[in-house]
Amino acid sequence: MRLYYEIARRSFRRAAAYRSAYLFGLLTNAFFGALITYMWRALYASGGGVAGWTVEDAVSYAWTTQSLISIGGGWLGYEIMGTIKTGEVVTDLSRPWNFWGYWLSRTLGERLYNLLMRASLTYVVGMVLFGARIPTPGDALAFLVAMTLAAVVSFGFSFIVNLTSFWLVDASGIMGFANILMMFFSGFLLPLAFFPPALQAVASVLPFQAITSIPAQVWLGKVEGDALVRALALQVFWVVTLAAVGLVVLRQAMRKVVIQGG
Amino acid sequence: MLRLYFRLIGARIRGQMQYKVSFFTELVVHMLWTGIEFATVAILFTRFPSLLGWTIAEVALLYGMTSVAFSIVEMVGRGFDAPFETMMAQGAFDGVLSRPLPSFFQILASEFQLRRLGRTAQGIAVLGYAFSRLSIDWSLAKVAVLVLALGSGMVIYLGLFVIGATICFWTIKTPEVINAFTFGGNQLVSYPLGIYNRALRTVFLWIVPVAFVNYPAALVVLERTDPYGLPPAVAWAAPLVAAVFFGVALRVWHFGTTKYQSTGS
């Protein structure tokens with residue numbers, strides 16, 4: 001356990017080394033947050049909407065998703081694929097650790113930094129300038145649990161997709177498809193409540209809502225009591241399922257690993 | 001020089017075509033990326049009647065215009081993006097400076113991403129939808145103003161890529177913030193400019209004039225008025241605005257090349 005803690009700690013410190021990159025990244029997230037805010041305000045100004053969602057809800061949701069980008073809500077990581085392409089992966093595989101656990105620790109370390117520095121500040125911009133909601137302490141606490149589970153689900157999915165590059169020389173197409181699915185069905189672009197019923201049904205059986213929709217709704221206080229327990233249980237289900245699939249895929253990959261490069 | 005450009009680009013395209021499966025997958029991926037973007041807009045319009053008085057077909061016109069212009073520039077001008085960053089990090093720009101051709105030309109000819117056509121195709125499809133749903137009283141002037149806006153928009157987007165690359169001369173890496181102007185600008189002008197506050201409007205009309213790719217021209221074509229009182233006739237100034245912006249971008253580029261300090265070993 002100590003080993004994985006050290007890996008995460010180093011990853012955290014590595015992330016902390018690029019301060020100006022984080023500042024610029026934050027500005028970019030805040031810029032997109034502002035754009036989406038204006039879009040919601042204009043839409044609500046002409047009437048319409050969805051039951052249970054005020055303009056304030058929609059705006060707060062947008063700032064939450066923009067904040068969650070840097071902790072794995074928007075884009076899949078390409079690092080594992082990169083090491084498979086260069087052949088570097090063979091070193092990581094031969095070390096005395098679990099390969100899945102190694103990448104999980106690395107990812108969580110970096111994301112913790114992103115949460116503390118980038119996500120929180122992005123949301124503060126939304127609160128101060130655009131009236132994004134301040135959650136109750138209870139919701140905030142529940143959010144921390146939901147967000148941690150979301151980070152592991154997002155990693156679990158990313159790991160499986162990255163591992164396809166053991167079989168395909170160029171997995172960037174698959175990664176692209178996977179990322180599109182994730183972005184759409186996680187509720188990153190739009191709260192799932194706004195989807196037509198058929199698409200909502202599709203989203204409800206996919207793992208992606210556990211990545212963005214659930215933590216964001218917990219933060220907004222839309223999931224409390226029994227519903228909260230069910231939402232967290234669903235996240236745990238996807239954590240376990242994706243981890244299991246990831247480990248099986250890893251074992252299959254080990255059987256036929258072909259290292260490129262020399 | 002034009003012939004040389006086509007020869008270099010031809011070689012790039014032939015190279016990309018060697019990996020046919022990869023090429024077509026990426027083409028489709030790019031089409032889907034922007035496909036979900038517009039799907040999002042379409043879903044929103046099932047829940048809301050209008051965007052400050054603009055219908056979905058009118059928003060589709062804005063979206064389609066910027067999408068087509070932006071995707072073509074991504075195809076042509078990506079040499080100023082990630083490949084240039086790699087070039088800077090490796091100190092490979094030294095080689096560019098030693099060749100007897102303008103550095104701007106060499107970087108432009110260094111990359112051509114045909115797969116971006118997936119996005120162009122999606123933009124054209126959305127434009128087709130817009131034109132089929134809108135009852136526009138077409139005139140020669142309206143066609144002209146649309147074409148001018150598209151052309152000018154491409155020049156402005158290319159200028160932005162060039163400025164982004166120029167920052168590399170000082171920082172080696174293109175800061176992510178340029179994305180706010182390229183991708184962000186593209187997204188901002190996908191919606192009518194009337195929904196934003198004065199500061200954002202001013203920046204995207206008169207400083208980084210991305211909005212000229214569609215908004216003034218759309219006002220003319222749709223015979224709409226701007227809530228802030230922007231006269232639609234400014235649409236005719238698009239080529240001038242684009243020329244000034246691109247001129248500035250080129251000057252910045254040349255200034256950057258004189259400040260270039262090599263990296264690498």
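Residues numbered from 1 in each chain as written. Chains lettered and ligands numbered in written order. Predicted model: local features only at pLDDT ≥ 70, side-chain atom pairs only at ≥ 80, totals over all residues. Heavy atoms only, no water.

**Things to note about the overall build of chain A**
For chain A, the count of helices and strands is eleven helices and zero strands. Ordering the α and β elements of chain A from the N terminus gives α-α-α-α-α-α-α-α-α-α-α. In terms of overall size, chain A behaves like a compact globule, its C-alpha atoms giving a radius of gyration of 19 Å where 262 residues would be expected to give roughly 18 Å. For the C-alpha atoms alone, the extent of chain A along its principal axes is close to 60 × 40 × 35 Å. The buried share of chain A, taken over its 262 residues, is 55%. For chain A, the centre of its 18 positive side-chain charges and the centre of its 11 negative side-chain charges are spaced 8 Å apart. (Helix = DSSP H or I, 4+ residues; strand = E, 2+ residues; numbered from the N terminus. Rg over C-alpha atoms; globule rule 2.2 N^0.38 Å. Buried < 20%, exposed > 50% of the residue type's maximum accessible area, 1.4 Å probe, protein only. Lys, Arg positive; Asp, Glu negative; His and termini not counted. Charge placed at Lys NZ, Arg CZ, Asp CG, Glu CD.)

**Examining the packing of helix α3 (residues 55-68) of chain A against helix α6 (residues 99-130) of chain A**
Residue and element names in this part refer to chain A. At a minimum axis separation of 8 Å, α3 and α6 run at an interaxial angle of 155°. In terms of axis orientation, α3 runs roughly antiparallel to α6. Crossing of α3 over α6 shows right-handed handedness. Where α3 approaches α6, its residues Val-59, Ser-60, Trp-63, Thr-64, Gln-66 and Ser-67 are matched on the opposing element by Ala-119, Thr-122, Tyr-123, Val-125, Gly-126 and Phe-130. Tallied by class, the residues present in the contact of α3 with α6 amount to six nonpolar, six polar and no charged. (Axes fitted to C-alpha atoms, helices over the stretch in contact; angles between N-to-C directions. Parallel < 35°, antiparallel > 145°, perpendicular 65-115°, else oblique. Left-handed = near helix turned anticlockwise from the far one by under 90°. Contact = heavy atoms within 4.5 Å. Nonpolar A, V, L, I, M, F, W, Y, C, P; charged D, E, K, R; others polar.)

**Description of the interface of chain B and chain A**
Contacts between the two partners involve 33 residues from chain B, matched on the other side by 40 residues from chain A. Carbon and sulfur atoms make up 78% of the area that chain B and chain A hide from each other, which totals about 3100 Å². For the pair chain B and chain A, the number of links is zero salt bridges. Seen at the junction of chain B and chain A, the total is seven residue pairs in polar contact (both at pLDDT 80 or more). Among the elements of the structure, α2 (20-47), α9 (178-181), α10 (183-188) and α11 (198-207) of chain B are those that each provide at least two residues to the side of chain B that touches chain A. Residues of the side of chain B that touches chain A, tallied by class, amount to 22 nonpolar, eight polar and three charged. (Buried area = accessible area lost by both parts, 1.4 Å probe. Salt bridge = Lys/Arg side-chain N within 4 Å of Asp/Glu carboxyl O. Polar contact = N/O pair within 3.5 Å; in protein donor to acceptor, adjacent residues only side chain to side chain.)

**A look at unusual backbone geometry**
Residues and elements named next belong to chain B. With a phi angle near 50°, Leu-52 is a residue other than glycine that sits in the positive phi range. One non-glycine residue with positive phi stands out, namely Glu-223, at about 55°. Mapped onto the fold, Glu-223 is located in the loop between α12 (215-222) and α13 (238-258). A relative accessible area of 58% places Glu-223 in the exposed class.

**Quick word on the nonpolar core**
Trp40(A), Phe84(B), Phe93(B) and Trp253(B) are the most contacted members of the largest nonpolar core, which has 177 residues in total. Discounting chain neighbours no more than four positions away, the residues touching Trp40(A) are Val55(A), Ala58(A), Val59(A), Ala62(A), Leu190(A), Pro191(A), Phe194(A), Leu44(B) and Phe48(B). (Core = buried A, V, L, I, M, F, W, Y, C linked by side-chain atoms within 4.5 Å.)

**Focus on the side chain of Ser11(A)**
Locating Ser11(A) in the fold gives a position in helix α1 (residues 2-16). The residues contacting Ser11(A), other than those within four sequence positions of it, are Arg106(A), Gly109(A) and Glu110(A).

**Description of the packing of aromatic side chains**
This structure, assessed with the given rule, holds 50 aromatic pairs over all chains. Ring geometry for Phe12(A) versus Tyr113(A): centroids 5.4 Å apart, planes at 85°, classification edge-to-face. On the criterion of sequence distance, the pair formed by Phe12(A) in helix α1 and Tyr113(A) in helix α6 is long-range, its members being 101 residues apart. In this structure an aromatic cluster arises from ring pairing among Phe80(B), Phe84(B), Phe93(B), Phe104(B), Phe169(B), Phe246(B), Trp253(B) and Tyr260(B). A cation over an aromatic ring shows up here: Arg41(A) above the ring of Tyr38(A), its NZ or CZ 5.9 Å from the ring centre. Cation over ring: Lys222(A) sits above Trp53(A), and NZ or CZ is 4.7 Å from the ring centre. (Phe/Tyr/Trp six-rings, centres within 6.5 Å; stacked < 30°, edge-to-face > 60°. Lys NZ or Arg CZ within 6 Å of the ring centre and 35° of its normal.)

**What about helix α11 (residues 226-255) of chain A?**
Working note: α-helix, 3.6 residues per turn, so residues spaced by three or four point in the same direction. Residues and elements named next belong to chain A. Taking 1.5 Å as the rise per residue, α11 with 30 residues should run 44 Å; its terminal C-alpha atoms sit 44 Å apart, in good agreement. All buried positions along α11 are accounted for by Leu-228, Ala-231, Leu-232, Gln-235, Trp-238, Val-239, Leu-242, Ala-243, Gly-246, Val-249, Leu-250 and Ala-253. Residues of α11 that are buried sit in contact with α5 (89-94), α6, α7 (137-163) and α10 (213-219). (Expected span 1.5 Å × (residues − 1).)

**Thoughts on α1(A)**
Residues and elements named next belong to chain A. When the terminal C-alpha atoms of α1 are compared, their 21 Å separation across 15 residues agrees well with the 21 Å that a helix rising 1.5 Å per residue should span. Where α1 is concerned, the buried positions are Glu-6, Ile-7, Ala-8, Ser-11, Ala-15 and Ala-16. Packing partners of the buried residues in α1 comprise α2 (19-45) and α6.

**Remarks on the pattern of salt bridges**
Residues and elements named next belong to chain B. Evaluation of the coordinates by the stated rule reveals 16 salt bridges over all chains. Arg-116 is paired through a salt bridge with Glu-74; the nearest N and O atoms lie 3.2 Å apart. Of this pair, Arg-116 sits in the loop between α6 (103-108) and α7 (117-133) while Glu-74 sits in helix α3 (residues 56-77), and the two are 42 residues apart along the sequence. Given the relative accessible area of 0%, Glu-74 is considered buried. Here Asp-226 ties to Arg-201 by a salt bridge, and the two come within 2.9 Å at their closest N and O atoms. Within this pair, whereas Asp-226 is found in the loop between α12 and α13, its partner Arg-201 is found in helix α11, the two being separated by 25 residues in sequence. Classification of Arg-201 as buried rests on a relative accessible area of 6%. A network of salt bridges, in which partner residues are shared, links Glu-37, Glu-74, Arg-78, Asp-81, Arg-116 and Arg-119.

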